[in-house]
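# Observations on chain architecture
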Amino acid sequence: RNVLISGPTFLNSPCHQLVLKGSHIEVGHVRVEAPGSYDQMAQSNNTDGIDVRGDHVYMHDSHISVGDDLVVLNANHTLIERMSFGAGRGASISPACNGSLPSAWLTNITIRNCSFDRSVRGVRIKVGAGTSANGGCHGSLTNVLYSHLRMTGVNTTISVTMRYPCGDVKPAPQCWKQFNSTS
């Protein structure tokens, strides 16, 4: 609770660069870098820039360029602004939903006044949907605002994957049975 991270540089972590869980978190004037990874299985896979879970999060005036997700937001009441994003797989909203946490409810997320330069994706929503065998994934995502985003050389500007990782990191034939399930 009540966390402020201002000024550090995080370089070349072999996995997630910065993972935060809590409430009232501010991250500003931070630099996060790892080698870019345009191949899902490349060496820099899983080098997320900043992953945050909780509520009342403010990220601003920072630069992130990594091999996986630039930021992963699983936090309510979040404002991301004046960020410079480089290589990476997008500023992702990703409700955590799995067998031990079968529901995820996210609201009030704003990403504004940010630039994306040569990212694989710009803004992204990815939801992991379960099957009837594990109870499925239930929840909602409301009040999301993207505003004044500048994207240069971005492969996919807006990405929504409703059955992650199918159609994203798994080839489609491996996922067909999931798409045809009764969940």
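This text goes with the structure placed above it.
Throughout what follows, the structure given in this document is the object of discussion. (Residues numbered from 1 in each chain as written. Predicted model: local features only at pLDDT ≥ 70, side-chain atom pairs only at ≥ 80, totals over all residues. Heavy atoms only, no water.)

## Side note on the overall build of the protein
- Each helix and strand in the protein was counted, giving one helix and 13 strands.
- Listing the helices and strands of the protein from first to last along the sequence gives β-β-β-β-β-β-β-β-β-β-β-β-β-α.
- Counting across all 183 residues of the protein, residues that qualify as buried make up 45%.
- Sequence-distant contacts, at least 24 apart, represent 58% of the contacts inside the protein between residues at least 6 apart.
- About 9,000 Å² of surface is accessible on the protein, with carbon and sulfur atoms providing 53% of the total. (Helix = DSSP H or I, 4+ residues; strand = E, 2+ residues; numbered from the N terminus. Buried < 20%, exposed > 50% of the residue type's maximum accessible area, 1.4 Å probe, protein only. Contact = heavy atoms within 4.5 Å. Areas by Shrake-Rupley, 256 points an atom, 1.4 Å probe, with all protein chains shown as cover.)

## Describing the pattern of salt bridges
- For the structure shown, the criterion picks out eight salt bridges.
- One salt bridge connects Glu33 with Arg31, and the closest N-O pair in it is separated by 2.7 Å.
- Glu33 sits in the partly exposed class, given a relative accessible area of 23%.
- A salt bridge links Asp69 to Lys126; the shortest N-O distance between them is 2.7 Å. You can see Asp69 sitting in the loop between strand E6 (63–65) and strand E7 (71–81) and its partner Lys126 sitting in strand E11 (residues 121–126), a full 57 residues away along the chain. Lys126 matches Asp69 in its accessibility class, with the two residues each being buried.
- Each of the salt bridges in this network shares a partner with another, and the network as a whole consists of Asp61, Glu81, Arg82 and Arg112. (Salt bridge = Lys/Arg side-chain N within 4 Å of Asp/Glu carboxyl O.)

## Quick word on the nonpolar core
- Among the nonpolar cores identified, the biggest contains 32 residues, and Ile50, Met59, Ile64, Leu73 and Phe85 are the most heavily contacted of them.
- Going through the elements one at a time, strand E3 (18–28), strand E5 (50–60), E7, strand E9 (91–93), strand E10 (103–117) and E11 are the ones with two or more residues in this core.
- The leading source of residues in this core is E10, at five residues.
- Non-local contacts of Phe85, meaning those with residues more than four positions away in its chain, are made with Ile64, Leu70, Val71, Ile80, Ala91, Cys114, Ser115, Phe116, Asp117 and Ser119. (Core = buried A, V, L, I, M, F, W, Y, C linked by side-chain atoms within 4.5 Å.)

## Describing the side chain of Ser23
- Relative to the helices and strands, Ser23 is located in strand E3.
- Among the residues examined, Ser23 registers a relative accessible area of 11% and is labelled buried.
- At a separation of 3.1 Å, a polar atom in the side chain of Ser23 contacts the side chain of Arg1.
- Apart from residues no more than four positions distant in its own chain, Ser23 is found in contact with Arg1, Asn2, Asp55 and His56. (Polar contact = N/O pair within 3.5 Å; in protein donor to acceptor, adjacent residues only side chain to side chain.)

## Topic: the pairing of E11
- The buried fraction of E11 is high, at six of six residues.
- Judged from the three bridges that link them, E9 and E11 form a sheet pairing that is parallel. Counterpart to Ser92 in the pairing with E11 is Arg124.
- Pairing of E11 with strand E13 (residues 156–161) involves five bridges; the strand directions are parallel. (Pairing = 2+ DSSP bridges.)

Read these as layout, nothing more, since geometry by itself doesn't imply function.
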